[in-house]
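Architecture at a glance
What follows is the residue order along each chain.
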Amino acid sequence: MAYKLDFGIWGNIFAVPTQIVDKHIKTCGSASLKVLLVLLRHNEQSLSLAELAALVGLSTADAQDALNYWIASGVLMEETLGGDSLLQPARAGQEPQTPAPAPDTVPLKTGEPQTPEQKIVKPPVRGRLAPEEISSLAAKDQQVSTLLQEAQEILGKTISPSGMEALVSLYSYGGMEVELILMVIQYCVSIGKSSLRYIEKTAYDWIDRGIDTFDKAEQHILSLTRKNDYEGKIKSAFGIFSRNLTAKEMDYVTKWFDQYGFELPLIQLAYERTVDNTGKLSFPYCDSILSRWHEKGIKTPRQAVDEMNAPQRAAQSEYQPKARTFGSGPFAPPSPQKERYDKAHAELQQRRNAARETAAKRKEEVYGKLPRLKQIDTALAKTGFEVSKAVLLGGNTGDLIARLREENLTLQQEKEALLVHNGYAPDYLEIPYRCKKCEDKGYRPDGEACDCLKELVR
């Protein structure tokens, strides 16, 4: 088969420097090549990042990642005019300018541990690492090489030079351990955010929060995953599909689930009453309903419905004869039944707290003796993230979920075997709730009062 050019398209042409093909065609990514071609096409004008992203068909974050390769290579320069960043190919004779590291950044690592006086901070401005410097660091420090190799495996794609520069800078300038950087990447990928710009932003957020150990990172990820799960449930229950919840709305949601311990059916009932009364969704109004139910000890939809119907029942009995009783009225002492329920709920809360404290001590003990168990629990958490993500995304994810569940089962079997082999019960690391039916909450998942609560109020 022969090929020939259609010269009809050559009416308007622009030049591509030979250096681009000779030095960069093997190393630049397709996105980087696209943005450069667009800039060369419009070489007589300056383009903003937003304009460039629109012309290339990329998000602004991906367009910036693509641009960083050419900026680091000295092919591209940035101009600033009126607060906007403008982009132009570098002119002949211009040398790339590399900003000096900010005075409050951490010096490059040399393989030795940091001294306690060194403070990990987010560098507002940091020096850029050229590809040659990254290669040199990787050759001298095995940690850098490990970071780049494992990050590429987690992302499932070749990392661009600008992406490598961002990751290595987190380690060298940001002072973040490789293990933590990889955890950041794993978490971001698990929620569908694999952009290096997003990963870098998340990593610096961890640094600002003082997350500098594996355990702190694990707890932070579990907290974020739990809140993401809450958000997904509330958005579905409240019919919110076009946006994410605001920070204030998430504060309400976290209080309802974590502080009040409410299940979704009860929250959905409060939402329905909010819409009935106001004609619209109002998180503050919904919160006022749930807060009142929490103060009254209401835990199930049945109890909430009884509370809502109480005024109607009172009106129906208003004209019925009433027997006078001593001490009735607003200053009447609490009924014996209410006192029994209050004491029962307090007892159950003490049981839950004690069980959780016991589980935390056991975990600390076993992790110290058997480090492999800690690795297994971390792997189980990661597979759990992936399963949750697959379920939320929907679509044809059956094979993925089946594979993740199989991995999860294998890890659980290894965990139990390791515990038994070392003289522990298979469920030694589980929270030892006294009542397995309700986990010492007093109410079963179906909303009915548990036998343990009934026993306490007798």
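Just so you know, these numbers come straight off a predicted model, no measurement behind them. (Residues numbered from 1 in each chain as written. Predicted model: local features only at pLDDT ≥ 70, side-chain atom pairs only at ≥ 80, totals over all residues. Heavy atoms only, no water.)

Okay, a nonpolar patch on the surface next. On the surface, Phe14, Val16, Val21, Ile25 and Leu37 cluster together into a nonpolar patch covering about 380 Å² of accessible area. As for its position among the elements, Phe14 is in the segment before helix 1 (18–24). Accessibility expressed as a relative area gives 36% for Phe14, which makes it partly exposed. (Patch = residues over 30% accessible without salt bridge, like charges linked within 9 Å, V, L, I, M, F, W, Y side chains within 5 Å. Areas by Shrake-Rupley, 256 points an atom, 1.4 Å probe, with all protein chains shown as cover. Salt bridge = Lys/Arg side-chain N within 4 Å of Asp/Glu carboxyl O. Helix = DSSP H or I, 4+ residues; strand = E, 2+ residues; numbered from the N terminus. Buried < 20%, exposed > 50% of the residue type's maximum accessible area, 1.4 Å probe, protein only.)

Taken over all residues, the pLDDT of the protein chain has a mean of 76, while the share at 70 or more is 74%. For the protein chain, the element scoring lowest by mean pLDDT is strand 3 (residues 84–89), at 47; helix 13 (residues 283–295) scores highest, at 93. For residues 80–88, every residue scores under 50 in pLDDT, and the model assigns this stretch 28 contacts once sequence neighbours within four places are set aside. Scored below 50 in pLDDT, residues 91–125 shows 50 contacts in the model against residues more than four places distant or in partner chains. (pLDDT = per-residue confidence, 0-100. Contact = heavy atoms within 4.5 Å.)

Summarising the element assignment, Phe238 is placed in helix 10 (residues 214–238). On the accessibility criterion, Phe238 (4% relative accessible area) is buried. Residues Phe238 and Ile267 lie 29 residues apart in sequence; the distance between their C-alpha atoms is 9.6 Å. Contacts of Phe238, omitting those with residues within four sequence positions, involve Trp256, Ile267, Tyr271, Leu281, Phe283 and Cys286.

Taken as a whole and judged by the stated rule, the model has 16 salt bridges. Residue Glu263 pairs with Lys441 through a salt bridge whose shortest N-O separation is 3.8 Å. Taken together, the positions of Glu263 in the loop between helix 11 (247–259) and helix 12 (264–278) and Lys441 in the loop between helix 17 (398–421) and helix 18 (451–457) put the pair 178 residues apart, joining distant regions of the chain. Take Lys441: its relative accessible area is 38%, and that puts it in the partly exposed class.

Tracing the sequence through the fold places Glu249 in helix 11. For Glu249, a relative accessible area of 12% corresponds to the buried category. At a separation of 3.0 Å, a polar atom in the side chain of Glu249 contacts the main-chain amide nitrogen of Thr246. Excluding anything up to four places from it in sequence, Glu249 contacts Arg243 and Phe283. (Polar contact = N/O pair within 3.5 Å; in protein donor to acceptor, adjacent residues only side chain to side chain.)

Here we take up unusual backbone geometry. The phi dihedral of Glu439 is positive, around 55°, even though this residue is not glycine. Among the secondary structure elements, Glu439 is positioned in the loop between helix 17 and helix 18. Even without being a glycine, Asp440 presents a positive backbone phi close to 60°. Position of Asp440 relative to the elements: it lies in the loop between helix 17 and helix 18.

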